[in-house]
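Next come the chains, spelled out residue by residue.
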Amino acid sequence: MKMSVNTSVQTPRAAATLILLRPGAGGLETLMLQRTQSAAFLGGAYVFPGGSLDPADADTRRVRGLTEAQANQRLGVASGGIAYYVAAVRECFEEAGVLLACDGNGNPVLPARAEKLMASRARPFLELLEKENLFIPAGALAYYGHWITQPGRSRRFDTRFFVTLAPEGQEGAHDETETVHHVWIGPRAALERAGRGEIELVHATRQTLTDLGRFSAPRHAYEYAMSLTEIPTNRACWAQGKEGARVFRRGDPQYHEIHWSDPEESGQTSYDLAPGVPKRLDRYTTRLIAPNPGMMTGPGTNTYLIGEDELAVIDPGPAIDSHIEKILSIGKIRWILCTHTHMDHSPAAAAIKKATGARIYGRPAPAGQDATFAPHQVLSHGDRVNIGALSLRAIHTPGHASNHLCYLLEQTKMLFTGDHVMQGSTVVINPPDGDMRAYLASLDLLLAEDVAILAPGHGYLIGEPRQEVQRLVQHRLKRESKVRDAIVKLGEPTLEEMLPLVYDDVPVRLHGWAARSLTAHLQKLVADGAAQARDGRYTLLHSQRPAT
């Protein structure tokens, strides 16, 4: 039975949360509050102190250590950034009875004074600060997280999480109105209690506790939070599929595609990767998955159709009749572009050209690839193909294949990556046409491009393109480091002797494919002058050996 969810548009309310850290007998502790069972939002759950922004929170007169401009830049907002910092401190005092404040000289409020002021928690916070001549040390708050409540909740919040060291000597107390219990507890202990069903934790709280649980000392956790430069937005979303309505979160492979294809958060986009079923990704782009699933192709090859009245096809895929018929049924095709000429990407081009008279664009096939591929125009790096009012710019990205191109749809900044970047797995670099040195250079090339989302040759759309490309570069360099270590450990090993060490994290059944990428890594080291090969055995050159 198909399930549905009410995802009527509701603008999330701005909110702030403050995570207090202090040393305890077992290491780091944080203050948590249990919300009253009758609360309209998260009733009964254990949370960090926090709540909605008030209009008065935007007043900067009692703020020290952070300007409005600095707060805006840190939070990535056009205005009103300081209000989040003020709200976090205010809510912590009103809900939890912990006052993070200082005098005009920057000296923190002493515990006895803070306890005395608890009787004034119901008083407007700004008035209290003015009367007591106290200030909010906003510069002491580390911006740590950004969470937005999923659609369908009775209330939605757009919440900024902050971390700070708890004021010494302040135990705090729940307000007995919105909260009914408080506890200082270690992150791991809280998670263990939740695992036993003793306390309730929502997803954002669990994730935060899991991250903080890596630290034993509050100062280390705080310094880590202070060091963060990019804070991702966690915006859970709904989508429909064969398993009914489901919610997806950051880290799920479907997450970025759902947000791209359903920016209004209707919850009606699909999360299925279904061969033969066209999926509209945005105004200009539709994806059709070929029915060629497999170990190297995942659910199948992604064919993309771009345009409005007249269409361009990127990577028509394998020459499977049912797939070709489905492509032809979607609209009038005038352009065919291929990222490369492996047999799962380009062979259908000839049949589509024959049926439509469309022009073919790409680069000629190297020996051993799709011999039927005959482009009308050979594209070079930087060439543009105009698709009506749209434009696709070719980016030459050799590595997986010497003739590989990515295409940037300049109007939406969607980059069609073919097999240069794949969702769900890394790319096999298979010499002689595959070249690891060229592949890494091509990844670096993408870092100079302004890209909003990646549309790979297999799998879902990939968000945060810059971080993804950087991750791929680091993955390859770490693998190269394992190659170097294996050479040193084994002496003068052969490729076969190195393979189990270098790919000890890869199932043995995939070592045949891994051996091809290992060959590419070794060829790169030789080309870099870092290693030499003799009679099938490899050694590092003296200058590349680690110091002993």
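Provided above is the structure to which this section pertains.
Residues numbered from 1 in each chain as written. Predicted model: local features only at pLDDT ≥ 70, side-chain atom pairs only at ≥ 80, totals over all residues. Heavy atoms only, no water.

### Remarks on the overall build of the protein
Working step 1: Per the secondary structure count, the protein includes 14 helices and 26 strands.
Working step 2: C-alpha atoms of the protein, sized along the principal axes, occupy 85 × 65 × 45 Å.
Working step 3: Every one of the 548 residues in the protein was classed for burial, and the buried ones make up 52%.
Working step 4: Sequence-distant contacts in the protein: of pairs separated by 6 or more residues, those separated by 24 or more amount to 62%.
Working step 5: Mean positive and mean negative side-chain charge positions of the protein (58 and 60 charges, respectively) differ by 1 Å. (Helix = DSSP H or I, 4+ residues; strand = E, 2+ residues; numbered from the N terminus. Buried < 20%, exposed > 50% of the residue type's maximum accessible area, 1.4 Å probe, protein only. Contact = heavy atoms within 4.5 Å. Lys, Arg positive; Asp, Glu negative; His and termini not counted. Charge placed at Lys NZ, Arg CZ, Asp CG, Glu CD.)

### Digging into the sheet that holds strand β24 (residues 453-456)
Pairing between the strands of a sheet is mediated by backbone hydrogen bonds and can be parallel or antiparallel.
Working step 1: An order of β20-β21-β22-β23-β24 is seen for the 5 strands of this open sheet, with the pairing classed as mixed. Here the strands that pair on one side only, and so sit at the sheet edges, are β20 (384-387) and β24. Going from strand to strand, the sheet's axes swing by 25° on average, the running direction of each strand aside.
Working step 2: Where β20 and strand β21 (residues 390-396) come together, 4 bridges link them in antiparallel fashion. Each bridged residue has a counterpart across the sheet, and for Asn386 the counterpart in β21 is Ser391. (Pairing = 2+ DSSP bridges. Axes fitted to C-alpha atoms, helices over the stretch in contact; angles between N-to-C directions.)

### A few points about the packing of helix α9 (residues 321-330) against helix α10 (residues 348-356)
Working step 1: Where α9 contacts α10, the axes come no closer than 10 Å and their chain directions differ by 45°. Put simply, α9 runs oblique to α10. In this structure, α9 meets α10 at a crossing whose hand is right-handed. Of the residues in α10, those in contact with Ile324, Ile327 and Leu328 of α9 are Ala348, Ala351, Ile352, Ala355 and Thr356.
Working step 2: When the residues that make up the contact of α9 with α10 are grouped by side-chain class, the tally is 7 nonpolar, 1 polar and no charged. (Parallel < 35°, antiparallel > 145°, perpendicular 65-115°, else oblique. Left-handed = near helix turned anticlockwise from the far one by under 90°. Nonpolar A, V, L, I, M, F, W, Y, C, P; charged D, E, K, R; others polar.)

### Comments concerning helix α12 (residues 465-490)
Working step 1: An ideal rise of 1.5 Å per residue puts 38 Å on 26 residues; α12 measures up with 38 Å between its terminal C-alpha atoms.
Working step 2: Among all positions of α12, only Pro465, Glu468, Val469, Leu472, Val473, Arg476, Arg479, Glu480, Val483, Ala486 and Ile487 are buried.
Working step 3: In this structure, the buried side of α12 is in contact with α11 (436-446), β24, α13 (495-502), α14 (511-527) and β26 (537-540).
Working step 4: Positive phi appears at Gly491, one or two residues downstream of α12, with a value of about 95°. (Expected span 1.5 Å × (residues − 1).)

### Observations concerning the side chain of His345
Working step 1: For His345, the location among the structural elements is in the loop between β17 (332-337) and α10.
Working step 2: The exposure class assigned to His345 is buried, which follows from its relative accessible area of 0%.
Working step 3: In this structure the side chain of His345 is engaged in a polar contact, spanning 2.9 Å, whose partner is the side chain of Asp315.
Working step 4: There is a polar contact of 3.3 Å between the side chain of His345 and the side chain of His458.
Working step 5: Not counting chain neighbours up to four residues away, the residues in contact with His345 comprise Thr301, Asp315, Pro316, Gly317, Cys338, Thr339, His340, Gly418, Asp419, Gly457 and His458. (Polar contact = N/O pair within 3.5 Å; in protein donor to acceptor, adjacent residues only side chain to side chain.)

### Re the nonpolar core
Across soluble globular proteins, you tend to see nonpolar side chains buried next to one another.
Working step 1: Counting residues in each nonpolar core, the largest one holds 63 residues, and the members touching the most others are Met32, Tyr85, Leu99 and Phe162.
Working step 2: Of the residues forming this core, the biggest block, 10 residues, is contributed by helix α2 (residues 81-96).
Working step 3: Residue contacts for Leu99: discarding those within four places in its chain leaves Phe93, Val109, Ala114, Leu117, Phe125, Leu134, Pro167 and Gln170.
Working step 4: Formed by 23 residues, the second largest nonpolar core is a distinct cluster that contains Leu281, Ile387, Ala394 and Ala455. (Core = buried A, V, L, I, M, F, W, Y, C linked by side-chain atoms within 4.5 Å.)

### Comments concerning the sheet that holds strand β16 (residues 310-314)
Working step 1: Taken in spatial order, the 7 strands make up an open sheet running β13-β14-β15-β16-β17-β18-β19, and their pairing is mixed. Each of the sheet's edge strands pairs with one partner strand only, and the pair in question is β13 (279-280) and β19 (377-378).
Working step 2: In this sheet, strand β14 (residues 285-289) lies alongside β13 in antiparallel orientation, the contact comprising 2 bridges. Counterpart to Arg280 in the pairing with β14 is Thr286.
Working step 3: Strand contacts of α9: β14, β15 (302-307), β16 and β17, with the helix running at about 165° to β14, the strand carrying the most contacts.
Working step 4: Sitting on the sheet, α10 touches β17 and β18 (359-362), and the angle it makes with β17 is about 145°.

### So, the packing of aromatic side chains
Working step 1: Within the structure shown, the criterion is met by 6 aromatic pairs.
Working step 2: On the basis of an interplanar angle of 35° and a centroid distance of 5.2 Å, the ring pair of Phe215 and Tyr224 is categorised as tilted.
Working step 3: Residue classification places Phe215 among the buried residues on the basis of a relative accessible area of 18%.
Working step 4: Considering the side-chain rings of Phe248 and Tyr271, the 5.1 Å spacing of their centres and the 55° angle between planes classify their relative orientation as tilted. In this pair, Phe248 is assigned in strand β12 (residues 246-248) and Tyr271 in the loop between α8 (255-261) and β13, connecting sequence segments 23 residues apart.
Working step 5: According to the relative accessible area criterion, Phe248 is buried, its value standing at 0%.
Working step 6: Between the NZ or CZ atom of Arg62 and the centre of the ring of Phe135, over which it lies, the distance is 4.1 Å.
Working step 7: A cation sits over an aromatic face here: Arg246 above Tyr271, 5.3 Å from the ring centre. (Phe/Tyr/Trp six-rings, centres within 6.5 Å; stacked < 30°, edge-to-face > 60°. Lys NZ or Arg CZ within 6 Å of the ring centre and 35° of its normal.)

### Some thoughts on the pairing of β16
Sheet faces and side chains relate simply in a regular strand, where the side chains alternate between the two faces.
Working step 1: With respect to burial, β16 is a largely interior element, 4 of its 5 residues being buried.
Working step 2: Bridge count between β15 and β16: 4 bridges; the pairing is antiparallel. Counterpart to Leu305 in the pairing with β16 is Val313.
Working step 3: Hairpin geometry of β15 and β16 is characterised by an intervening segment of 2 residues between the two adjacent antiparallel strands.

### Points about α11
Working step 1: Considered for burial, the residues of α11 that qualify are Met436, Tyr439, Leu440, Ser442, Leu443 and Leu446. What you see down the axis of α11 is that its buried residues fit within an arc of 160°, all on one side.
Working step 2: Tucked inside the fold, the buried residues of α11 contact β21, β23 (414-418), α12 and α14. (Arc of directions from axis to C-beta.)

### Observations concerning the pattern of salt bridges
Here the idea is simple: oppositely charged side chains can pair when their charged atoms come close.
Working step 1: Scanning the model with the defined rule gives 37 salt bridges in all.
Working step 2: In this structure, Arg35 and Glu95 form a salt bridge, with 3.9 Å as the shortest nitrogen-oxygen distance. Of this pair, Arg35 sits in strand β2 (residues 27-35) while Glu95 sits in helix α2, and the two are 60 residues apart along the sequence. Assigned by exposure class, Arg35 and Glu95 land together as buried.
Working step 3: Bridged by salt links that share partners, the residues Asp54, Asp57, Arg90, Glu91 and Glu94 form one connected network. (Salt bridge = Lys/Arg side-chain N within 4 Å of Asp/Glu carboxyl O.)

### Section: the side chain of Arg121
Working step 1: Counting through the fold element by element, Arg121 comes out in the loop between α3 (111-117) and α4 (125-132).
Working step 2: Only 3.0 Å separates the side chain of Arg121 from the backbone oxygen of Ala173, close enough to count as a polar contact.
Working step 3: Ignoring anything within four residues of it in the chain, the contact list for Arg121 reads Phe93, Glu94, Glu95, Ala96, Gly97, Ala173, His174 and Asp175.

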